[in-house]
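# Structural overview
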Amino acid sequence: MSEFKRVIHWFRRDLRLTDNTALLAASADSEEVIPLYVVSDWNGEHRWTGPKRQAFLSGCLSSLASNVNHVGGKLIFRRGHALKVIAGLIEESGAEAIYLNLDPDLHGKQIEKKLETLCQELNVAFRPYQDAVMHSADEVLTGSGTPYRVFTPYFRRWDVVAKPLVGGSVKKLVAKIDLPSDPCPTVETWGMKQEGPLALIPGEKAGRERMKSAVSERLGAYLDHRNFPADDASSRLGADLRWGTISVRDLYHRAGKARSETRERSERESFGEFQRQLAWREFFMSILHHYPEVLDLELNPSWRGLEWNDPDEDDRLAKWQEGRTGFPIVDAGMRQLVKTGFMHNRVRMITAMFLTKDLHLDWREGESFFLQHLLDGEIASNNGGWQWSAGTGADAAPYFRIQNPWTQTSRYDPEGVYVKRWVPELAGVDPKALAKAPAPGESIAPNYPPPMVDHSREREETLRRFKTLKEASGA
Ligand SMILES: Cc1cc2nc3c(=O)[nH]c(=O)nc-3n(C[C@H](O)[C@H](O)[C@H](O)COP(=O)(O)OP(=O)(O)OC[C@H]3O[C@@H](n4cnc5c(N)ncnc54)[C@H](O)[C@@H]3O)c2cc1C
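Residues numbered from 1 in each chain as written. Predicted model: local features only at pLDDT ≥ 70, side-chain atom pairs only at ≥ 80, totals over all residues. Heavy atoms only, no water.

### Digging into the sheet that holds strand β2 (residues 30-39)
Selection criterion: Whether two strands pair depends on DSSP finding at least two bridges between them. Helix and strand definitions follow DSSP, with helices as H or I runs of at least four residues and strands as E runs of at least two, each counted in order from the N terminus. The angle between two axes is taken between their N-to-C directions and runs from 0 to 180 degrees, where each axis is a line fitted to C-alpha atoms and a helix contributes only its stretch in contact. We call two residues in contact when some of their heavy atoms are within 4.5 Å.
Ordered in space as β3-β2-β1-β4-β5, the 5 strands form an open sheet in which the pairing is parallel. The outermost strands of the open sheet, each flanked by one partner alone, are β3 (76-79) and β5 (125-129). Neighbour to neighbour, the strand axes of the sheet diverge by 25° on average, direction disregarded. The sheet contact formed by strand β4 (residues 97-101) and β5 spans 5 bridges and is parallel. Each bridged residue has a counterpart across the sheet, and for A97 the counterpart in β5 is A125. Contacting β1 (4-11), β2, β3 and β4, helix α3 (residues 82-93) runs over the sheet at an angle of about 150° to β2.

### Considering the domain arrangement of the protein chain
Heads up, the rule is: Residue ranges assigned to each domain were obtained from an automatic or database domain assignment. Each of two parts loses accessible area, computed with a 1.4 Å probe, when they are put together; buried area is these two losses added. Any carboxyl oxygen of Asp or Glu within 4 Å of a side-chain nitrogen of Lys or Arg constitutes a salt bridge here.
Per the domain assignment, the segments of the protein chain are domain 1 (4-131), domain 2 (133-165 + 204-290) and domain 3 (301-469). Here domain 1 and domain 2 have C-alpha centroids that lie 26 Å from each other. Opposite the 21 residues of domain 1 that make contact, domain 2 presents 22 residues. Both sides of the domain 1 and domain 2 interface together cover about 1900 Å² of buried area, and 47% of this is carbon and sulfur. At the junction of domain 1 and domain 2, the tally comes to 2 salt bridges. With a shortest N-O distance of 3.0 Å, R249 and D19 are connected by a salt bridge.

### Brief notes about the packing of helix α10 (residues 265-290) against helix α15 (residues 379-390)
Which entries qualify depends on this criterion: In these notes the angle categories are as follows: under 35 degrees is roughly parallel, over 145 is roughly antiparallel, 65 to 115 is roughly perpendicular, and the rest is oblique.
Packing of α10 against α15 leaves a shortest axis separation of 8 Å and a crossing angle of 90°. Between α10 and α15, the angle is such that the two are roughly perpendicular. Between α10 and α15, the residues in contact are R281, F284, M285 and L288 and I379, A380, S381, G384 and G385, respectively.

### Topic: the nonpolar core
Worth spelling out the cut-off: What we call a nonpolar core is a set of buried Ala, Val, Leu, Ile, Met, Phe, Trp, Tyr and Cys residues that are connected through their side-chain atoms within 4.5 Å. When a residue's accessible area, from a 1.4 Å probe over protein chains only, is under 20% of the maximum for its type it is buried; when over 50% it is exposed; and in between it is partly exposed.
Ranked by internal contacts, the top residues of the largest apolar core, which has 43 residues, are W320, V330, M334, F370, Y418 and L426. Counting only elements with at least two residues in this core, the list comes to α11 (316-322), α12 (328-340), α13 (345-358), α14 (363-373), α15, α17 (417-422) and α18 (455-473). Excluding anything up to four places from it in sequence, M334 contacts W320, Q321, G323, M343, T351, F369 and F370. Formed by 41 residues, the second largest nonpolar core is a distinct cluster that contains F151, F155, F271 and V294.

### Here's the deal with the site of the ligand
Where we set the bar: Nearness is judged by heavy atoms alone; a residue qualifies as near a molecule or strand once a single heavy atom is within 4 Å of it. In protein, a polar contact means a hydrogen-donor-capable atom and an acceptor-capable atom, both N or O and within 3.5 Å, with residues adjacent in sequence counting only if both atoms are side-chain atoms; elsewhere, any N or O pair within 3.5 Å suffices. Exposure was quantified through the Shrake-Rupley algorithm and a 1.4 Å probe, taking into account, for residues, occlusion by the shown protein chains and nothing else.
Around the ligand, a shell composed of 28 residues is seen, among which Y222, S234, S235, R236 and N345 lie nearest. Contact between the ligand and S234: an oxygen atom at 2.5 Å from a side-chain N or O atom of the residue. Here the ligand loses 95% of its free accessible area of 800 Å² to cover by the protein chains. Contributing elements (two or more residues each) for the shell around the ligand: α8 (238-243), α10, α13 and α15. Among the elements that line the shell around the ligand, the one with the most residues is α10, at 6 residues. Looking at the shell around the ligand, you find at least three residues from each of domain 2 (133-165 + 204-290) and domain 3 (301-469).

### So, the pattern of salt bridges
If the charged atoms of two oppositely charged side chains come close together, the side chains can form a pair. All chains considered together, the criterion is met by 32 salt bridges. For R6, the salt bridge is made with E32, and the minimal N-O distance between the two is 3.0 Å. Remark: E32 occurs in strand β2 and R6 occurs in strand β1; sequence separation between them is 26 residues. E32 gets classed as buried once you look at its relative accessible area, which sits at 6%. In this structure, a network of salt bridges that share partners links the residues R16, D19, D131 and R249.

### Topic: the packing of aromatic side chains
Definition in use: By convention, a stacked pair of Phe, Tyr or Trp rings (six-membered ring in the case of Trp) has centres within 6.5 Å and planes under 30 degrees apart, an edge-to-face pair has planes over 60 apart, and any other such pair is tilted.
Per the counting criterion, the structure on display carries 27 aromatic pairs. Ring geometry for W158 versus Y252: centroids 5.8 Å apart, planes at 75°, classification edge-to-face. Taken together, the residues span a long stretch of sequence, with W158 in helix α5 (residues 151-160) and Y252 in helix α9 (residues 248-261) at a distance of 94 residues. Y252 shares its class with W158; the two are buried.

### A few points about α18
Heads up, the condition is: Multiply 1.5 Å by the residue count of a helix minus one, and that product is the helix's expected span. In this description, one arc is meant: the one made by directions from the helix axis to the C-beta atoms.
The end-to-end C-alpha distance of α18, which contains 19 residues, comes to 27 Å, matching closely the 27 Å that a straight helix rising 1.5 Å per residue would cover. Taken together, the buried positions of α18 are H455, E458, T462, L463, R465, F466 and L469. Projected onto a plane normal to the axis of α18, the buried residues spread over an arc of 155° and lie on a single side. In α18, the exposed positions angled more than 90 degrees off the buried face are occupied by R457, E471 and A472. In this fold, the buried residues of α18 make contact with α13, α15 and α16 (405-412).

This is the structure we're talking about:
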């Protein structure tokens, strides 16, 4: 005998039927489940998303709708504010409970609080589940119960906390009531336009295939290759983790199984290193949870009030965004991002340091530009990555350690394969020339701009700005 006759499962960042904690619970606890997706009703530009990401989301939703259909259900789309939509649907359907997976983002958490109150008022059960992470922000704390601000000790603790296991798939969804639904959204629903095909196929099936092939074909060599952007050795699963087309538990345990089954030491270390990267994602989510001010301010209070150049003063921001800086590795990264919605992690660090430490532009400019283009845009990881690169955040490299884009190129793209893939003007150039500043005013190739700044000079300027603030605050 089921606990409920009819409940709602509110899909948010869990767009899958496999190992979906709240959905599995809903279908176990109730005779009928109404699967709901609330389509947000903003229109036009958004500081934290863009057409590629919304097109990917729409594709995931369309695939989810057909998967739900396949197991006998109907995914209901309703456009509007989540609380209003849910209150309306509860009234329309007579649902006795709402099931949902918790959102690690601040906006999502605020809505959860209000929804809980609404459910109390409506006398409906509120059933939240932990799903998007291996461990929530409150599960990984120091011995004295405080949050970690540095990754290595955080990871030491994260690594030993008992890991949640993988659940099954929902095989059947019954809904006897026929409820009206808005159409599945497309990118145009938000007043945006996506040119050309997406670099990743959206949806649970494609996500699972990506996960399986990453584990069986690439991650065994992750340790040696992950830092080399030309090698494409990383998993490319960020967007699937963001939208929940795969479960992080499934991914973690698949990597763990491969790690325990291999006889090769380097493979074992590679799978272990990959599992460690998954902890970075949760580390930044924990930072965002415990220090929500990071969305506006530097995590390290000593660096609040740092001097930034005015982005409207000249065209330096546009040159960075369009990949016309005259620094090949920076331009390659920015063009890869704008074209495909992806940028390799090493290059994310190089381009972010370049914006903040060579162009002296505020990390918040880069943070929002990345989110408008990345398919895997994740507020916590992006904020963490930007603050790390700017030298203001958790685990940040000390401000005086400033990566040199030329040296980074010779170390991580010595043959220029990555640069040439994204900057065709440099196709015929000797790789050594891609990793060395040309003489002042000169450019590396005829159709390519000269470097827009002198790295050594700008490095000194960055040090001056940090030192000035340090002296002013008496630190
Ligand atoms: C400036 C900057 C901005 C970033 N913005 C984002 C973002 O918006 N979304 C995002 O998921 N990652 C972000 N990262 C982290 C990292 O670059 C990406 O997770 C990674 O490049 C995604 O590619 P992948 O899936 O092939 O990674 P893999 O190397 O295969 O890693 C697997 C997964 O682990 C997680 N992960 C790996 N490295 C990190 C990290 N340093 N921080 C947090 N999570 C990590 C991601 O979920 C990733 O998908 C950012 C890093 C920097 C320096």
